[in-house]
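The chain contents come next:
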Amino acid sequence: MARPGSGLLVPMNGVGYPPQNLARVVVWEWLNEHGRWRPYSAAVCHHIENVLKGDARGSVVLGQVDAQLSPYIIDLQSMHQFRQDTGTMRPVQRNFYEPSSAPGKGVVWEWENDNSSWTPYDMEICVTIQNAYEKQHPWLDLTSLGFSYLIDFNSMSQTNRQSQRKRRLRRRMDLAYPLIMGSIPKSQSWPVGASSGQPCSCQQCILVNSTRAASNAILASQRRKLYGGTGGNSSATGTITAVRQSNTFAGTSLWSPTSSSSGANHNNISVGGGHAKAEQVQSPLSSANFPCSPVMPSLSSAHGHHTLTINGQNNLNRPGTQRISMGTARGAIPPGVPALPVKNLTGSGPVHPALAGMTGILMCAAGLPVCLTRAPKPILHPPPINKSDMKPVPGINGMRRKTKKKHLKRGKNPEDVVRRYTEKIKVVPDEDCTICMERLVMSSGYEGVLQHKGIKPELVGKLGKCGHMYHLLCLVAMYNNGNKDGSLQCPTCKTIYGEKTGTQPPGKMEYHIIPHCLPGYADSKTIRIVYDIPAGIQTNEHPNPGKKFSARGFPRHCYLPDNEKGRKVLKLLIMAWDRRLIFTIGTSSTTGESDTVVWNEIHHKTEFGSNLTGHGYPDPNYLDNVLTELSAQGVGEDNLKD
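The rules behind each value
Residues numbered from 1 in each chain as written. Predicted model: local features only at pLDDT ≥ 70, side-chain atom pairs only at ≥ 80, totals over all residues. Heavy atoms only, no water. Helix = DSSP H or I, 4+ residues; strand = E, 2+ residues; numbered from the N terminus. Areas by Shrake-Rupley, 256 points an atom, 1.4 Å probe, with all protein chains shown as cover. Pairing = 2+ DSSP bridges. Axes fitted to C-alpha atoms, helices over the stretch in contact; angles between N-to-C directions. Contact = heavy atoms within 4.5 Å. Buried < 20%, exposed > 50% of the residue type's maximum accessible area, 1.4 Å probe, protein only. Polar contact = N/O pair within 3.5 Å; in protein donor to acceptor, adjacent residues only side chain to side chain. Arc of directions from axis to C-beta. Phe/Tyr/Trp six-rings, centres within 6.5 Å; stacked < 30°, edge-to-face > 60°. Lys NZ or Arg CZ within 6 Å of the ring centre and 35° of its normal.

Caption draft 1: Geometry of the overall build of the protein. Scanning the protein for helices and strands turns up 10 helices and 34 strands. Accessible surface, the protein: about 32,600 Å² in total, of which carbon and sulfur atoms supply 51%.

Here it is in structure tokens:
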């Protein structure tokens, strides 16, 4: 089985290089939120390698090769992927495989996801599957790689050994990943024009170049501070503290130390992150090993040995030696130092995330102290609660509601529904019917398309509450195209006639009091609502009858203050649940997934102890806003019984 190269590689600005005269296939990967390294496509990897040849400390604009990746930039010096519109940063790594492995041949193995589209396997798994396939094994067990899946090559399927769920898989040919021999030579800076040698003038490249210029200014400033007084003293004694770049994203200070030691004969440098067992290699520390490190000129002539500590399996692809400071290590942010968030989850803070990062770079270049810190995480749930502490909500019977198939709406006769809420007009005004856009004095635009006994195409009716007028046949057509639940909604003013119901799939709703208070409601306990809807099969009222629908993120926890208005909102939410209006089946606005359970225009607060996502507290207008949303669904305060 092909594996990533196992030779000892010396890191250069966080980028690993294979030994001289050894051919290897290069695969660039990014770390997702589940801790899995996901490969970039072969085309993107070729693009990154081309940039790397020009400037090993440069930046890569991924949108130049893949339009879907246009917001992303890779900084080769820090080995991180940066998203310009949100400020999100993810580690990247450069992995090596045998030329005869799957990436070297352009073979891609993929599995079919819930959207009926294809997702590539992690590269390690892809290499393993291809190796078994070439050896003509009938099946492959992925348990040894940490996945409870069985691959069947005869049926080209993947089976979950626990749930027994089976998915299709496929093998397809794509562009082979880049092949390299030994180290990569350096050439001119990147990006450059196609023929003129002038820098590219697109907005993305301007941002990249300005970022690089600021970074270079920072490094120059740090060199002056580090070696301004001891540049000519080759035997100077001092403390060298190496900082893991990943500490920036763990909520600690940028200058938080990982190790330190002092003395004239030994200096310890810690490279990389990871929690694997450390390997220690005795190696002379010189500018030949670290050509881009600013500290080498003053260290290479020092006497004695230096210990290079390399941590973790993928140490060659992780940042480690970019930031080195002299002096005493600081474990906390000093007083008076401004903290700028690397990522602002809401985008509603005083500084845009991307602008915050650029501001920090420029302030640091100007000699101003800056500490980059991670933005606080949202507090989604309260502290653990015993079941005995959950109390019923006063004034509301029970603590649970269920929606079963027997509660689904029953169809109503369209003619009866239309006649119930309208009255005939004898003198018809000369104006448009806003449903068919024909004049009311003319026949309905649905004449010949829709026929109902007793309703002639020229008949016009007026809705009882709002007084808007339409062809009766047009109202029948509108009802047939809607929910068919016995209710009508005026297309002009949205007034609801009858009891509107929705298409919410079966599930359960629970509600109770918990002994904690919400931000902004210090004098009140909290009402917790728990919605739980399982996945299932769509029915005739849904977008794709007979097709499966997914239910992501359930059970969903929502919160209200336990006061008079909060209890009123709860009563109306229970009524909306009974009418199947809280959820529906559609396309998720956050993930883009279709045929899944989504919220149905009634906002809920799902964040308990903060409001970083915009779905939490304090929010003094929320209760009034949700009452308005419920009223728009026909669930108003006038429906409550005293």
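Alright, that's what it looks like, and here's the rest.
Caption draft 2: Here's a closer look at the sheet that holds strand β25 (residues 469-471). The antiparallel open sheet is built from three strands, whose spatial order is β23-β24-β25. This sheet does not close on itself; its edge strands, each paired only once, are β23 (422-424) and β25. In this sheet, neighbouring strand axes are inclined to one another by 40 degrees on average, regardless of whether the strands run parallel or antiparallel. Strand contacts of helix α7 (residues 414-421): β23 and β24 (460-463), with the helix running at about 80 degrees to β23, the strand carrying the most contacts.

Caption draft 3: Focus on the side chain of Arg-580. As for its position among the elements, Arg-580 is in the loop between α9 (564-578) and β33 (583-586). On the accessibility criterion, Arg-580 (2% relative accessible area) is buried. Separated by 3.0 Å, the side chain of Arg-580 and the backbone oxygen of Gly-502 make a polar contact.

Caption draft 4: Geometry of unusual backbone geometry. Of the consecutive residues Phe-554 and Pro-555, the connecting peptide bond is found in the cis state with omega at 0 degrees. Topologically, Pro-555 is positioned in the loop between β31 (548-549) and β32 (556-561). In the segment running from Tyr-617 into Pro-618, the intervening peptide bond is cis, with an omega of 5 degrees. By secondary structure assignment, the location of Pro-618 is in the loop between β34 (596-599) and α10 (622-632). Even without being a glycine, Gln-136 presents a positive backbone phi close to 60 degrees.

Caption draft 5: Geometry of α10. Those residues of α10 that sit buried are Tyr-622, Leu-623, Val-626, Leu-627 and Leu-630. Summarising the axial view, the buried residues of α10 lie within an arc of 135 degrees, below the 170-degree limit, and thus occupy one face. Elements in contact with the buried residues of α10: β32 and α9. Gly-634 occupies a position one or two residues after α10 and carries a positive phi of about 85 degrees.

Caption draft 6: Broad picture of the packing of aromatic side chains. Counted under the stated rule, the structure contains 12 aromatic pairs. On the numbers, 5.3 Å between centres and 65 degrees between planes, the contact of Phe-554 with Phe-583 is edge-to-face. In this pair, Phe-554 is assigned in the loop between β31 and β32 and Phe-583 in strand β33, connecting sequence segments 29 residues apart. The same class applies to Phe-554 and to Phe-583, which are both buried. Through pairs of rings, three or more aromatic residues link up here, namely Tyr-531, Phe-554, Trp-577, Phe-583 and Trp-599. Sitting over the face of the ring of Phe-554, Arg-556 holds its NZ or CZ atom 4.3 Å from the ring centroid.

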